[in-house]
Amino acid sequence: MPERAPLSPARRQFLLRTARAAGMAPLALGVLEGGALALPRGTGTDLEVLQASLSLEHHAIALYDEGLRRKLVPAGLRSYAVEFRGDHEGHRDTQLELMRERGGRPPEPLRSYDFGPLRKADDLLQQALLIEQAAQDAYLGLISQIRTNDYLLSAGFILVDEVRHLTVWQRVLGYRLY
Amino acid sequence: MTGAASPRRAFFSASLGAAAGLLLARRAEATDYATAREALDAMETQAAEVVARLRALCGVPGARVFCERLLVAHERQRSERGRLRGRLGLPAAAPAPPAQVDRSLAGLRAAQEALVFAQAEGLPALPDGRAVDLIAHQLVVSARQLTLVDLWIEGEQARA
């Protein structure tokens, strides 16, 4: 099997900084840092991944809320921001349900998030790009740790959504796409 | 593949909220693959159709570079899945390409979406974390390609 290319140092640093700021659990952080190759088998593992994922979903929802509330999203892109916020809310609700089924205690959203200076549309779009990149990297990094089929299936479809969000913002910001 | 409703489907049907996105909604209809071989066979079949459609679209002015780059990615994925099948002791897959495909973007989109679904829905049928990791990485590439096709279609509609 081919070895997967590691994340670039800058991307890994951003992912870890975002994950820590969002309140991600230490065990999941260890996997993303590469310090723990695999979480121990058991129901606790899915709870760790769910906790980590919910932290990032709360962060993403808060960013889109802030951008939409302050009308930082350009009119032509507003439908994307609304759609993506709705997707993240769906991811959150699905994973809240999975966590409660397993008897876990879901993380609450933080009282505030550090989005950096959000003065103009480009600031928001850059932050949206970064959080979607972090979400994609986190789900991709953690998905092989998931132990139960219902969550694995959900995580697969959530990952598809995250890729779509990231690709759209990359196009908007003029990144090379293929 | 199984067609009957499973406990998993029942869970998803019950838990879908109004805010769930299109792809989350899809989970309610998810195919339950009983084995890794079933899942990987479905991926090969869907990928073969995408490849046939991309080859057909390569002749469309302006589409050649895009299609050729996607074809390279598909060849790499096919090779990776072949090595995975070998590791799992599964026979090589040789799906027959579709007899005839048109050059429609809608057809390409539908085939690409079916491949994305096969990869996402195949994850629970895989036997270990290494296999899940591989197919999840392929899923990212396929989902990105699906979004690019969507953006292509949006661009064509905007120009029309």
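Our structure's up above, just so we're on the same page.
The text that follows walks through the structure, step by step, so that each part is easy to find. (Residues numbered from 1 in each chain as written. Chains lettered and ligands numbered in written order. Predicted model: local features only at pLDDT ≥ 70, side-chain atom pairs only at ≥ 80, totals over all residues.)

## Section: the nonpolar core
One finds Ala138(A), Tyr139(A), Ile143(A), Leu159(A), Ala136(B) and Leu139(B) to be the most contacted residues of the largest nonpolar core, which totals 80 residues. Top contributing element to this core by residue count: helix α6 (residues 149-172) of chain A, with 12 residues. Setting aside residues up to four positions removed in sequence, Leu159(A) forms contacts with Gln136(A), Tyr139(A), Leu140(A), Ile143(A), Ala136(B), Leu139(B) and Val140(B). (Core = buried A, V, L, I, M, F, W, Y, C linked by C-beta atoms within 7 Å. Buried ≥ 20, exposed ≤ 12 C-beta atoms within 10 Å, placed from the backbone. Helix = DSSP H or I, 4+ residues; strand = E, 2+ residues; numbered from the N terminus. Contact = placed C-beta atoms within 7 Å.)

## Some words on the environment of Val101(B)
Residue and element names in this part refer to chain B. Within the element layout of this structure, valine 101 appears in the loop between α4 (64-88) and α5 (105-122). Between the alpha carbons of valine 101 and alanine 56 there is a distance of 7.4 Å; along the sequence they are 45 residues apart. Leave out the neighbours within four places in its chain, and valine 101 touches Ala52, Arg53, Ala56 and Gly107.

## Quick look at the packing of α5(B) against helix α6 (residues 129-159) of chain B
Residue and element names in this part refer to chain B. Between α5 and α6, the shortest axis-to-axis distance is 9 Å and the interhelical angle comes to 155 degrees. By the criterion of interaxial angle, the relationship of α5 to α6 is roughly antiparallel. Between α5 and α6 lies a crossing of left-handed hand. Contacts between α5 and α6 pair Leu105, Leu108, Arg109, Gln112, Glu113, Leu115, Val116, Gln119, Ala120 and Gly122 from the former with Ile135, Gln138, Leu139, Ser142, Ala143, Gln145, Leu146, Val149, Asp150, Trp152, Ile153 and Glu156 from the latter. Class assignment for the residues of the contact of α5 with α6 results in 12 nonpolar, 6 polar and 4 charged. (Axes fitted to C-alpha atoms, helices over the stretch in contact; angles between N-to-C directions. Parallel < 35°, antiparallel > 145°, perpendicular 65-115°, else oblique. Left-handed = near helix turned anticlockwise from the far one by under 90°. Nonpolar A, V, L, I, M, F, W, Y, C, P; charged D, E, K, R; others polar.)

## Describing α5(B)
Residues lying three or four places apart along an α-helix face the same way, a consequence of the helix completing one turn every 3.6 residues. The end-to-end C-alpha distance of α5(B), which contains 18 residues, comes to 25 Å, matching closely the 26 Å that a straight helix rising 1.5 Å per residue would cover. All of the buried residues along α5(B) are Leu108(B), Ala111(B), Gln112(B), Glu113(B), Leu115(B), Val116(B), Phe117(B), Ala118(B), Gln119(B), Ala120(B), Glu121(B) and Gly122(B). (Expected span 1.5 Å × (residues − 1).)

Interpretation note: all reported values are geometric properties and have no functional meaning in isolation.
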